[in-house]
Amino acid sequence: MADHLEASVTLPSDPASVSAARAYVANVLAEWGLPGDTEAADSIRLIVSELATNAVQHTFGLSPTFTVDVALDRDEHLRIGVTDSHPRFPKRLPAAVQQDNGRGMVIIRWLTAESGGRLRVHPTREGGKTVSIELPWTAPTVPVGPPVTAVGQQEP
């Protein structure tokens, strides 16, 4: 695999874009070798769902689109970031608050830490923000070259 792979998609800030973002990332990661039926893939899909939902719900119409960036460095580090044009950083809610929503960052933070990764939020030059995660890459390295037969000889 290459030393560095990147993929990116920009979507409208619309609730339907959450599933589109999740599917996009799942497809990219499958192309890069992460099977969709793994615990890591499930965690990543949930993280992307929460990041995209935050970009749609908490920008209050001030970000007409959001961008999902995916990068894999040296088959070791996976980074996924969601960028919107709203300047307000996510806020952690007090644990005592009882409500049906507002737990996205808690979920993202917990899943990222459980996977051995880290969460970052940083401003963009344009005045928005990027919320990103970095995780260790857990997909098996796909061998490069022609298939090998059971007796160890290469197929023509």
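Predicted model only: the values in this text are computed from it and were never measured. (Residues numbered from 1 in each chain as written. Predicted model: local features only at pLDDT ≥ 70, side-chain atom pairs only at ≥ 80, totals over all residues. Heavy atoms only, no water.)

Q: Sorry if this is basic, but what is going on with the side chain of Thr112 here?
A: As for its position among the elements, Thr112 is in helix 3 (residues 104-114). Contact partners of Thr112, with chain neighbours within four places excluded, come to Ile47, Gly117, Arg118, Leu119, Ile133, Glu134 and Leu135. (Helix = DSSP H or I, 4+ residues; strand = E, 2+ residues; numbered from the N terminus. Contact = heavy atoms within 4.5 Å.)

Q: Would you take a moment to explain the confidence of the model for the protein for this structure?
A: The predicted coordinates of low-pLDDT regions are not to be read in fine detail. Of the residues in the protein, 79% reach a pLDDT of 70 or more, and the chain-wide mean stands at 84. Every residue in residues 142-150 scores below 50 in pLDDT, and together they form eight contacts with partners more than four places removed in sequence or on other chains. (pLDDT = per-residue confidence, 0-100.)

Q: Help me out: how do you make sense of helix 3 in this one?
A: Side chains that are three or four residues apart share a direction in an α-helix, a result of its 3.6 residues per turn. Taken residue by residue, helix 3 has Gly104, Met105, Ile108, Leu111 and Thr112 as its buried positions. Burial along helix 3 is one-sided: seen end-on, the buried residues are contained in an arc of 135 degrees. Along helix 3, exposed side chains directed more than 90 degrees from the buried face belong to Trp110 and Ala113. Where the residues of helix 3 are buried, they touch helix 2 (39-57), strand 4 (118-123) and strand 5 (129-136). (Buried < 20%, exposed > 50% of the residue type's maximum accessible area, 1.4 Å probe, protein only. Arc of directions from axis to C-beta.)

Q: Even after reading the chapter, I still don't get the pattern of salt bridges, so can you show me in this structure?
A: Any two side chains of opposite charge can pair, on the condition that their charged atoms come close. Using the criterion set out here, one finds four salt bridges in the structure. Residue Arg79 pairs with Asp73 through a salt bridge whose shortest N-O separation is 2.4 Å. In this structure Arg79 comes out as partly exposed when scored by relative accessible area, which is 31%. The closest approach of N and O atoms between Glu134 and Arg118, which form a salt bridge, is 3.7 Å. Note that Glu134 is positioned in strand 5 and Arg118 in strand 4, a separation of 16 residues in sequence. (Salt bridge = Lys/Arg side-chain N within 4 Å of Asp/Glu carboxyl O.)

Q: So what exactly am I meant to see when it comes to the sheet that holds strand 2 (residues 65-73) here?
A: For sheets, the rule is that strands pair by backbone hydrogen bonds, running either parallel or antiparallel. Pairing is antiparallel across the open sheet formed by five strands, whose spatial order is 1-2-3-5-4. Here the strands that pair on one side only, and so sit at the sheet edges, are strand 1 (4-12) and strand 4. Along the sheet, successive strands turn relative to each other by an average axial angle of 15 degrees, direction set aside. In this structure, strand 2 lies alongside strand 3 (residues 77-84), joined through eight bridges in antiparallel fashion. Across the sheet, Val68 pairs through a bridge with Val82, a residue of strand 3. Helix-sheet contacts for helix 1 (residues 16-31) involve strand 1, strand 2 and strand 3, and the interaxial angle to strand 1 is about 165 degrees. (Pairing = 2+ DSSP bridges. Axes fitted to C-alpha atoms, helices over the stretch in contact; angles between N-to-C directions.)

Q: Explanation requested: the pairing of strand 3 in the structure shown.
A: Residues in a regular strand project their side chains so that they alternate between the two faces of the sheet. Across the eight residues that make up strand 3, a large majority, six, are buried. Between the antiparallel neighbours strand 2 and strand 3 lie three residues, among them Arg74 with a positive phi of about 50 degrees. The sheet contact formed by strand 3 and strand 5 spans eight bridges and is antiparallel. Within strand 5, the position partnered with Gly81 by the bridge is Ser132.

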